[in-house]
Number of protein chains: 2
Amino acid sequence: MDSDYGLTRELSELQKERAKYQPELPPCLQGTTVRVEFGDSTTTTDSSSAHAISRAFPHTFGQPLAHFLRATAKVPDAQIIEDHPPIRVGVVFSGRQSPGGHNVLWGLHDALKIRNPDSILLGFVGGTEGLFAQKTLEITDDALSTYKNQGGFDMLGRSVDQIRTTEQVNAAMSSCKDLKLDGLVIIGGATSNSDAAQLAETFAESKCPTKVVGVPVSLNGDLKNQFVETDVGFDTVCRVNSQLISNVCIDALSAGKYYYFIRLMGRRASHVALECALQSHPNLLILGEEVALSKLTIFDITKQICNAIQARAEKGKYHGVVLIPEGLVESIPELYALLQEIHSLHGQGVSIENISSHLSPWASALFEFLPPFIRRQLLLHPESDNSAQLSQIETEKLLAHLVETELDKQTKEGTYKGKKFSAVCHFFGYQARGSLPSKFDCDYAYVLGHICSHILSAGLNGYMATVTNLKHPVNKWKCGAAPFTAMMSVKRYSRGPGAIPIGKPAIHPASVDLKGKAYELLREKAPSFLMDDLYRNPGPLQFDGSGADDKTFTLSVEDQDYMGRIKKLQEYLDKVRSIVKPGCSQDVLKAALSTMASVTDVLTVMSAPSFHGQMPL
Amino acid sequence: MDSDYGLTRELSELQKERAKYQPELPPCLQGTTVRVEFGDSTTTTDSSSAHAISRAFPHTFGQPLAHFLRATAKVPDAQIIEDHPPIRVGVVFSGRQSPGGHNVLWGLHDALKIRNPDSILLGFVGGTEGLFAQKTLEITDDALSTYKNQGGFDMLGRSVDQIRTTEQVNAAMSSCKDLKLDGLVIIGGATSNSDAAQLAETFAESKCPTKVVGVPVSLNGDLKNQFVETDVGFDTVCRVNSQLISNVCIDALSAGKYYYFIRLMGRRASHVALECALQSHPNLLILGEEVALSKLTIFDITKQICNAIQARAEKGKYHGVVLIPEGLVESIPELYALLQEIHSLHGQGVSIENISSHLSPWASALFEFLPPFIRRQLLLHPESDNSAQLSQIETEKLLAHLVETELDKQTKEGTYKGKKFSAVCHFFGYQARGSLPSKFDCDYAYVLGHICSHILSAGLNGYMATVTNLKHPVNKWKCGAAPFTAMMSVKRYSRGPGAIPIGKPAIHPASVDLKGKAYELLREKAPSFLMDDLYRNPGPLQFDGSGADDKTFTLSVEDQDYMGRIKKLQEYLDKVRSIVKPGCSQDVLKAALSTMASVTDVLTVMSAPSFHGQMPL
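Please read all numbers here as calculations on a predicted model, not as lab measurements.

Some remarks on the sheet that holds strand β14 (residues 478–483) of chain B
Residue and element names in this part refer to chain B. Read across the sheet, ten strands follow the order β3-β1-β2-β14-β13-β8-β7-β4-β5-β6 without closing on themselves; strand pairing throughout is mixed. Each edge of the open sheet is held by one strand with a lone partner, namely β3 (79–80) and β6 (136–138). As paired strands, strand β4 (residues 88–93) and strand β7 (residues 183–188) are joined by five bridges and run parallel to one another. Within β7, the residue paired with Val89 across the bridge is Gly183. Here helix α3 (residues 101–115) sits on the sheet and contacts β1 (34–41), β4, β5 (120–124), β6, β7 and β8 (211–216); the angle it forms with β4, its principal contact strand, is near 175 degrees. Across the sheet, helix α19 (residues 439–457) lies against β1, β2 (64–70), β4, β7, β8, β13 (463–468) and β14, angled at about 135 degrees from β13, the strand it touches most.

With respect to the side chain of Asn149 of chain B
On the secondary structure map, Asn149 of chain B appears in the loop between α5 (141–144) and α6 (166–178). Non-local contacts of Asn149 of chain B, meaning those with residues more than four positions away in its chain, are made with Arg18, Ala19, Tyr21, Pro23, Asn103, Trp106, Leu436, Pro437 and Cys442 of chain B.

Some words on a nonpolar patch on the surface
Residues and elements named next belong to chain B. A cluster of nonpolar side chains, Leu569, Tyr572, Leu573, Val576, Met596, Val599, Val602, Leu603 and Met606, forms an exposed patch at the surface whose accessible area comes to about 780 Å². The greatest single-element share of the nonpolar patch, amounting to five residues, is contributed by helix α23 (residues 586–607). By the element assignment, Val576 lies in helix α22 (residues 562–579).

Focus on unusual backbone geometry
With phi around 70 degrees, Asn469 of chain A is a residue other than glycine that occupies positive phi space. Residues other than glycine seldom take positive phi values, yet Asn149 of chain B does so here, at roughly 60 degrees. The exposure class assigned to Asn149 of chain B is buried, which follows from its relative accessible area of 0%.

Overview of the pattern of salt bridges
Using the criterion set out here, one finds 38 salt bridges over all chains in the structure. Of the charged contacts in the structure, one is a salt bridge between Glu406 of chain A and Lys409 of chain A, with a shortest N-O distance of 3.6 Å. With a gap of three residues between them, Glu406 of chain A and Lys409 of chain A both fall in helix α17 (residues 395–413), about one helical turn apart. Arg239 of chain B serves as the salt-bridge partner of Asp235 of chain B, at 3.4 Å between the closest nitrogen and oxygen.

Criteria and thresholds
- Residues numbered from 1 in each chain as written.
- Chains lettered and ligands numbered in written order.
- Predicted model: local features only at pLDDT ≥ 70, side-chain atom pairs only at ≥ 80, totals over all residues.
- Heavy atoms only, no water.
- Pairing = 2+ DSSP bridges.
- Helix = DSSP H or I, 4+ residues; strand = E, 2+ residues; numbered from the N terminus.
- Contact = heavy atoms within 4.5 Å.
- Axes fitted to C-alpha atoms, helices over the stretch in contact; angles between N-to-C directions.
- Patch = residues over 30% accessible without salt bridge, like charges linked within 9 Å, V, L, I, M, F, W, Y side chains within 5 Å.
- Areas by Shrake-Rupley, 256 points an atom, 1.4 Å probe, with all protein chains shown as cover.
- Salt bridge = Lys/Arg side-chain N within 4 Å of Asp/Glu carboxyl O.
- Buried < 20%, exposed > 50% of the residue type's maximum accessible area, 1.4 Å probe, protein only.

In structure tokens:
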């Protein structure tokens, strides 16, 4: 099998056409020389975690932000990197395949070779297993030829998704030393980048010269924070899923007799489901974050769906489309608690057959109430990040089953007078993950690949490549790098009975922001989605013509220019300083003191640990 | 609900762009005048059925083929239709939604209005139920505006898929009379066109002046015969499915640990699965027609898949993609027989709960052997065409389950030494059916709509609109009409114990031709598909640029120019007649007599009823 990796292969006409596409570079990365400007040293959003993080990551905490500027940029402090000795870089896919991954390899390769054709890029084959076993493949332009702008992670493959145990970390370090790597680039989501952060710290501590760099690639779109606006793959996956959801909506409307329950891959957070709802306007979206916040039980949700069906039946409508994020099951309080009991029994070595008899009385009662298919799925071993096997738990079928039971009951009681409810269930995920990447993902991934090379040239360790201002055209994109530690936080709540409180700093997946604009847009439109069947069909992903340059709603509506706003604040502070110079009037000084006192008071309160209502995601 | 039909609606950018697309017309249909040429009177492929069909359809059997030619065409016998009084036409969607359906309405509307702006096109809303209940919507250019080149059947909707019982036929006739319709256009697949044929005959017999015209629209691609090369919707559905299958293939290859079992919607025949396999190169396709011909049991098929997995494991490959047509379950002899027993018990009024206890001993043994989920699905009521509810029977899960059981056994016995087998199952159908139609389907449907208008202008009843030479560009397409009766046959085998022998002439769905070129292409490539992972990704359906004008392999590789070859034969016959004129030499006459005798002998044998090995599809 291994010998198959990196082979060139036969492409379809469209694949060939896509392979010819050359992603654009933003002006700052064009040419052979790039400037690096360093910002202030960083802290972390959750100020209460800063101390814990700085203790756990003494070598990599607090490093400054880095901005990459064009060589001609007039920034006095920015340094130009002129010297480009040949370097050796390793790269590995860690985590689930997301469309665009291959373009990170391509961008990285191009950026290295432009600066020094003797630099070497080694891809680890078979994912982190290949990293531990030193199985490599040299990435050349030839090898890349049939993988440029193509989906999947199949040029190198991937395996288990972690570099976490002492053995794994040591094996990775040995590989980097043996292969004399100057840099190691890890391509993956939140979990893989947390692992990368740990690796960077360990390397620094052990004086291993290899610099570790991360790249945000995740179809879930949940590696999201002030520095990372979106992940490679999210755009494509949402577009392919929205195409399919819209097709199902039109199907529902044409036949007028089915309710489609569609579960969407995307791990715990509901980013994919939210974006797809904004693109395709299904009748109902059960958002995991809303359910968690309102502590809705499975019965509450069933009731909510039944009410929607009832209201639609009164208008003579017997069809509809309901979207469900795969993470929903962990957002429903009682199911979450049940899963925690099951996982803790797994941890105690209780075999699957015996788990049900070890459950607490209430958990056992809930378990027995559930239909057999879902019981089997809930009993599965948890994943490596301690979450349930979300892709295996058919929450959409459970809800369809409970809704049917409830409507049958209401029919007998005479409270539901509509036609018989008929459900068709779907799980969309695998069929989107391997898609040809959208133009946006091709560009974003290629640019990130380039940035990795600049991070390594600047000698930085423990950084993630970042591009901001993404909602604008490529020539407005801003390129930089942020320390992993600036994205970390520490979760303190216990994960259920028997589980160890989580105190380890990590880059946690972000949940959907219920104060964000994307969510606001959904709430505004939801009543009309529910009743009016305003289905919208974004159509199949286009590479030419109309729709080819569309971006996700999530990206377009959010005001994410964090870097720009940080600069704006700096300007205000400078202005205050220049107005209130010694010699200014008593009144000006008095006004300045009073307003600054109030500003600092407000900020102190807002930065206090207790202020952030952490939602258990 | 009904009031929602035909409403204009909000479109996405891509939908708007597509709505502006104007399908091309072949030269013969351009301009306001068209000539009609009538060919020889028709018979039917299965000559043994001809008598039965002529008795059942005395008014509509044997009508000639009609060819539509440009007004300037130099064909002496062709008549020009100059007079275009205003006419009233009804149109109904009958059967499952297929991408392109709306364009039939549009083409029909345009062709009617160009010839006489006072002509009226009425769409029946809610499918055949709307036809019976005389619920109509006038189709205007305004109403069409947001449905041009769009997927679904949602402009008018659809309901039950039949016009078969005496009540239904009478209701349809009353509607046509009450609404003073000159023509009724029925849009659907094989079953709906069989119903249309019956309606045409009944109308002719009852002197109802409404002419009945059919249009081949079916995602299954199984309304296929010498006159019909493909159906509207098949191209789009195969392309969307192939996109998803390819994505799953790339996913499989990236992770290297799953076997994907994908079942494809397409009714009894395997056209969709065959075309998708040719487009995306999965490892294995279990073709229903092969299984039926070789009488493979469920164990044979399980064994075949296990052997494939074993062979791949020996090369270190633990992933793969297996395609399964939804009709497979009816092609497996013992499952087919079991289904027949179940359906016959349904027919006797035995309730679902009691069926298993009424089965014959062998059927009962098979039934009890099967896992519970599939038992429940096999017990479902048959569909209106007497087939099982194929979309509800998860054959892919059954096979994955049996393969897992077998490999577990082989692992214990030490004959399988590979890694643990892990399957992920999918059913693709609903998510493709509502897609935006491909350019091909847009064009084909629009042209068929135009032809319907010409059929009605020519005063023909009981005809299907046809376009041949479809694999060539639109300007080479040949337009015509063929009598329904010329596509009919009579099946004589009994459909299992208790079932009534089927003796009624009908347009039967065509199975995949195991002597055809598409199948030959598959067989040639199958060994390499199996082992080499030559996955091909046709990518998402494009409307611009590369791939936008692709056509299905099935259409492109087959040599389907039946009409052209009929003309060629005519030329040979004419040539023989001109050579062997009275006065020719004895030798020439002798040679002619001897070869003609042999030709007629061969043809007589080949046309004999017993020659055609009818495969029970």
